[in-house]
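Survey of secondary and tertiary structure
Single-letter residue listing:
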Amino acid sequence: MRTPFVAGNWKMNKTIAETRELVFKLSMKLRDIHGVEKVLCPPFMSLMAASALLEGAGIGLGAQNMHWEEKGAFTGEVSPVMVKELCKYVILGHSERRAYFNETDDIVNRKLISAQTFDLTPIVCVGETLEQYESKLTREVVSRQTSQSLRDVSPAFAQRIVVAYEPVWAIGTGKASNGLEANAVVKDVIRPALAKLFGDETAQAIRVLYGGSVTSANASEFFGQPDIDGALVGGASLKIDEFVAITQAAVI
Ligand code: PGA
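My aim in this report is to walk through the structure given alongside it, one point at a time. For clarity, every value in this text was computed on a predicted model and none was experimentally measured.

Let's talk about the overall build of the protein chain
Scanning the protein chain for helices and strands turns up 12 helices and 8 strands. A compact globule built from 252 residues would reach a C-alpha radius of gyration of about 18 Å, and the protein chain, at 17 Å, matches this within 12%. Principal-axis analysis of the C-alpha atoms gives the protein chain an extent of 45 × 45 × 35 Å. Looking at the 252 residues of the protein chain, the share that counts as buried comes to 52%. Taking the contacts inside the protein chain whose residues are at least 6 apart along the sequence as the reference set, 73% of them involve residues at least 24 apart. Of the roughly 11500 Å² of accessible surface on the protein chain, a fraction of 53% belongs to carbon and sulfur atoms. The centroid of the 26 positive side-chain charges in the protein chain is displaced by 2 Å from the centroid of its 29 negative side-chain charges.

Focus on the side chain of D227
By the element assignment, D227 lies in the loop between helix 11 (219-223) and strand 8 (230-233). With near-sequence residues (within four places) excluded, D227 lies in contact with R2, N183, V186, K187, R191 and V208.

Considering helix 9 (residues 179-198)
Along helix 9, the sharpest change in direction is near 30 degrees and occurs at V186. Here helix 9 starts with a cap whose side-chain oxygen sits 3.2 Å from the backbone nitrogen of L180, and that cap is N178. Just beyond helix 9, the residue with positive phi is G199, at close to 95 degrees.

Structural notes on the site of the ligand
In the neighbourhood of the ligand, 13 residues make up the surrounding shell, with K11, H94, E166, G172 and S213 lying closest. Contact between the ligand and K11: an oxygen atom at 2.7 Å from a side-chain N or O atom of the residue. Out of a free accessible area of 280 Å², the ligand has 96% covered by protein chains. Taken together, the residues that form the shell around the ligand break down as 4 nonpolar, 7 polar and 2 charged.

With respect to the side chain of E166
With respect to the helices and strands, the residue E166 is situated in the loop between strand 6 (162-165) and helix 9. The buried charged residue E166 lacks any salt bridge, with K11 as its nearest oppositely charged partner at 6.5 Å. Engagement of the side chain of E166 in a polar contact is seen with the side chain of H94, the distance being 3.3 Å. Residues within four places of E166 in sequence aside, it is in contact with H94, C125, V126, G127, E128, I171, G211, G212 and L232.

What about the pairing of strand 7 (residues 207-211)?
Of all 5 residues in strand 7, 5 are buried, a share of seventy percent or more. Residue alternation in strand 7 divides its side chains into two sets, R207, L209 and G211 and V208 and Y210, and both sets are buried. Examined bridge by bridge, strand 6 and strand 7 share 4 bridges and lie parallel to one another. Pairing of A164 across the sheet is with L209, part of strand 7. Here strand 7 pairs with strand 8 via 2 bridges, running parallel. Opposite Y210, over in strand 8, you have A231 as the bridge partner.

Considering the sheet that holds strand 4 (residues 89-92)
Spatial strand order, 1-2-3-4-5-6-7-8: 8 strands in a closed barrel with parallel pairing. The sheet shows a mean angle of 25 degrees between the axes of neighbouring strands, direction not considered. The pairing of strand 3 (residues 60-63) with strand 4 spans 2 bridges and is classified as parallel. Residue pairing across strands places A63 opposite V90, the latter belonging to strand 4.

Some thoughts on the state of the cysteines
Under the definition given, this model contains 0 disulfides. Free of any disulfide, C41 has its nearest neighbouring cysteine sulfur in C87, separated by 7.7 Å. Sulfur of C125: no disulfide; nearest cysteine sulfur belongs to C41 and is 9.4 Å away.

Let's talk about the pattern of salt bridges
Scanning the model with the defined rule gives 18 salt bridges in all. A single salt-bridge network, built from bridges that share partners, covers R2, R191, D227 and D229.

Cut-off values and rules
- Residues numbered from 1 in each chain as written.
- Predicted model: local features only at pLDDT ≥ 70, side-chain atom pairs only at ≥ 80, totals over all residues.
- Heavy atoms only, no water.
- Helix = DSSP H or I, 4+ residues; strand = E, 2+ residues; numbered from the N terminus.
- Rg over C-alpha atoms; globule rule 2.2 N^0.38 Å.
- Buried < 20%, exposed > 50% of the residue type's maximum accessible area, 1.4 Å probe, protein only.
- Contact = heavy atoms within 4.5 Å.
- Areas by Shrake-Rupley, 256 points an atom, 1.4 Å probe, with all protein chains shown as cover.
- Lys, Arg positive; Asp, Glu negative; His and termini not counted.
- Charge placed at Lys NZ, Arg CZ, Asp CG, Glu CD.
- Bend = angle between axes of the 7 residues up to and from the residue.
- Polar contact = N/O pair within 3.5 Å; in protein donor to acceptor, adjacent residues only side chain to side chain.
- Near = heavy atom within 4 Å.
- Nonpolar A, V, L, I, M, F, W, Y, C, P; charged D, E, K, R; others polar.
- Salt bridge = Lys/Arg side-chain N within 4 Å of Asp/Glu carboxyl O.
- Pairing = 2+ DSSP bridges.
- Axes fitted to C-alpha atoms, helices over the stretch in contact; angles between N-to-C directions.
- Disulfide = S-S within 2.5 Å.

Shown next as structure tokens:
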């Protein structure tokens, strides 16, 4: 049995003051929802304020990125040790990082190995672009991203990894994929790639989320699929009633 998982990726939104207000209001409602792992990922600057407000609320905190090195001359970067002071989770390889900051599978993999070293639970994102989707390259691209981004970690750590399948064409566009199509990618591409890396049993134990224009209106369609275990939510995670409804829908 895989525990459902819902994470809110706030991206580059909300000041510290705005974070305080949103986290306070969200936690009031989310704390009463059980049977789903709940995670909020505000910007780095807001993690400290969010962490104080979330104490004892049963809601996890995640960073949206990190460097792989522990410390050193990497101007502007945040290390896994710093993330670990406040967070249990970290999003790695989001398509916006891959597209705008040149993150490759190799870089994502270095960060994943660092997450293992520093005991962080990673949410690793994979997904094809619109061009790749239209050229029918989805399976090839997602398989390669999964096997290269997730290689060289221990099977014990692998069980903790959360994978997010996010078709790039569905992110922030209001054009979500559909349940059957997304489930097919998870079942026929992602889980077999995980099985090759870690064995069948571990591949079945790893949570795989869908992400890309998830709303309260379409969440159940994805959560009802046998291979989809939750969602990575962007835009809708900034709206209290939307995110609460999506989280509620993930409870089995
Ligand atoms: P979206 O973003 O829900 O706004 O499409 C999802 C994501 O980027 O994780």
